[in-house]
Amino acid sequence: MNWVFRKAGVYARIYGDNAGKYQNTIHDLPRDMQELMTSSRDCKRLINPEECSDACVQGIIYSLIGETYKKCRYDGMYFLLTNQRAKYITDLVCAEVNIRRSLS
């Protein structure tokens, strides 16, 4: 994950490579965060690999509200840091880290 500093504030960019493995955490997000995730750019490489660069790391895949999403890893989990969102951002980061640890 990265912190991205913009005029509007500080954003958390979470590289949720394993998002499909912590569905409960995603389902527990507030509606506005879920809407940001579902309205973000689709991953070209996951949809049609020939449309994207070979250097692309590939996006994230997760299910939400009964649909499967294939989103770009750079804005699929990109949230403005606020007091209300801090806990949820922490939960997402910890979920990703825990999955990565269990896989290594």
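In this report, the structure presented in the accompanying data block is examined. Computed from a prediction, not measured in an experiment: that's the story for all the values here.

1. Let's talk about the sheet that holds strand β5 (residues 78-80)
Here we have three strands laid out as an open sheet, ordered β1-β2-β5, and antiparallel in their pairing. Every other strand in the sheet has two partners, leaving β1 (2-6) and β5 as the edge strands with one partner each. When strand polarity is set aside, the average angle formed by the axes of neighbouring strands in this sheet is 30°.

2. A short note on the packing of aromatic side chains
Per the stated rule, a full pass over the model turns up three aromatic pairs. Between Tyr-15 and Tyr-74, the ring centres sit 5.9 Å apart and the planes meet at 85°, which makes this aromatic pair edge-to-face. With Tyr-15 in the loop between β2 (9-13) and α1 (23-27) and Tyr-74 in the loop between β4 (67-71) and β5, this pair connects stretches of sequence that are 59 residues apart. On the accessibility criterion, Tyr-15 (14% relative accessible area) is buried. Residue class for Tyr-74 comes out partly exposed when judged on its relative accessible area of 35%. Directly above the ring of Tyr-74 sits Arg-73, whose terminal nitrogen or CZ lies 5.8 Å from the centroid. Over the ring of Tyr-88 we find Lys-87; its NZ or CZ atom is 5.2 Å from the centre of that ring.

3. Some remarks on a nonpolar patch on the surface
Taken together, the side chains of Met-1, Trp-3, Phe-5 and Leu-81 make up a nonpolar region of the molecular surface, amounting to roughly 430 Å² of accessible area. Mapped onto the fold, Met-1 is located in the segment before β1.

4. A few points about the pattern of salt bridges
Tallying each qualifying case throughout the model produces seven salt bridges. The shortest N-O distance in the salt bridge between Arg-73 and Asp-17 comes to 3.2 Å. Highlighted residues: Arg-73 in the loop between β4 and β5 and Asp-17 in the loop between β2 and α1, separated in sequence by 56 residues. Among the ionic pairs, Asp-42 bridges to Lys-71, the shortest N-O distance being 2.9 Å. A residue pair is termed long-range when its members are at least 10 positions apart, and Asp-42 in the loop between α2 (31-39) and α3 (44-47) and Lys-71 in strand β4 qualify at 29 residues. We classify Asp-42 as partly exposed; its relative accessible area is 45%. Taken together, the shared-partner salt bridges in this structure form one network comprising Asp-17, Arg-73, Glu-96 and Arg-100.

5. Considering the nonpolar core
As a rule of thumb, soluble globular proteins bury nonpolar side chains together. Within the largest apolar cluster, 18 residues are counted, with the highest numbers of intra-cluster contacts made by Tyr-22, Ile-26, Met-37, Tyr-62, Met-77, Phe-79 and Leu-92. Mapped onto this core, the elements with two or more residues apiece are α2, β3 (60-64) and α4 (86-103).

Rules of the game
Residue numbers here run from 1 along each chain, matching the order of that chain's written sequence. Totals for whole chains, interfaces and linings use all residues, but because this is a predicted model, local features are given only for residues with pLDDT of at least 70 and pairs of side-chain atoms are given and counted only at 80 or more. Side-chain descriptors were evaluated using all non-hydrogen atoms of the structure, hydrogens and water having been removed beforehand. Here, strands pair whenever DSSP counts at least two bridges between them. Segments assigned H or I by DSSP are reported as helices when at least four residues long, segments assigned E as strands when at least two residues long, and all are numbered from the N terminus. Helix axes are fitted only over the stretch in contact, all axes being lines through C-alpha atoms; the angle between N-to-C directions runs from 0 to 180 degrees. When two rings of Phe, Tyr or Trp (its six-membered ring) have centres within 6.5 Å they constitute a pair, described as stacked for plane angles under 30 degrees, edge-to-face for angles over 60, and tilted for the intermediate range. Accessible area is worked out with a 1.4 Å probe on protein chains only. A residue is then buried under 20% of its type maximum, exposed over 50%, and partly exposed in between. Placement of a charge over a ring requires the Lys NZ or Arg CZ to be within 6 Å of the ring centre, with the centre-to-atom vector within 35 degrees of the ring normal. Patch membership is restricted to residues that have no salt bridge and whose relative accessible area is over 30%. Joining uses 9 Å for like charges and 5 Å for the nonpolar side chains Val, Leu, Ile, Met, Phe, Trp and Tyr. Here the accessible surface of atoms and residues is derived via Shrake-Rupley with a 1.4 Å probe, and residues count as covered only by protein chains that are part of the display. Salt bridge, as used here: a side-chain nitrogen of Lys or Arg that lies within 4 Å of a carboxyl oxygen of Asp or Glu. Put simply, a nonpolar core is a bunch of buried Ala, Val, Leu, Ile, Met, Phe, Trp, Tyr and Cys residues held in one set by side-chain atoms that sit within 4.5 Å of each other.

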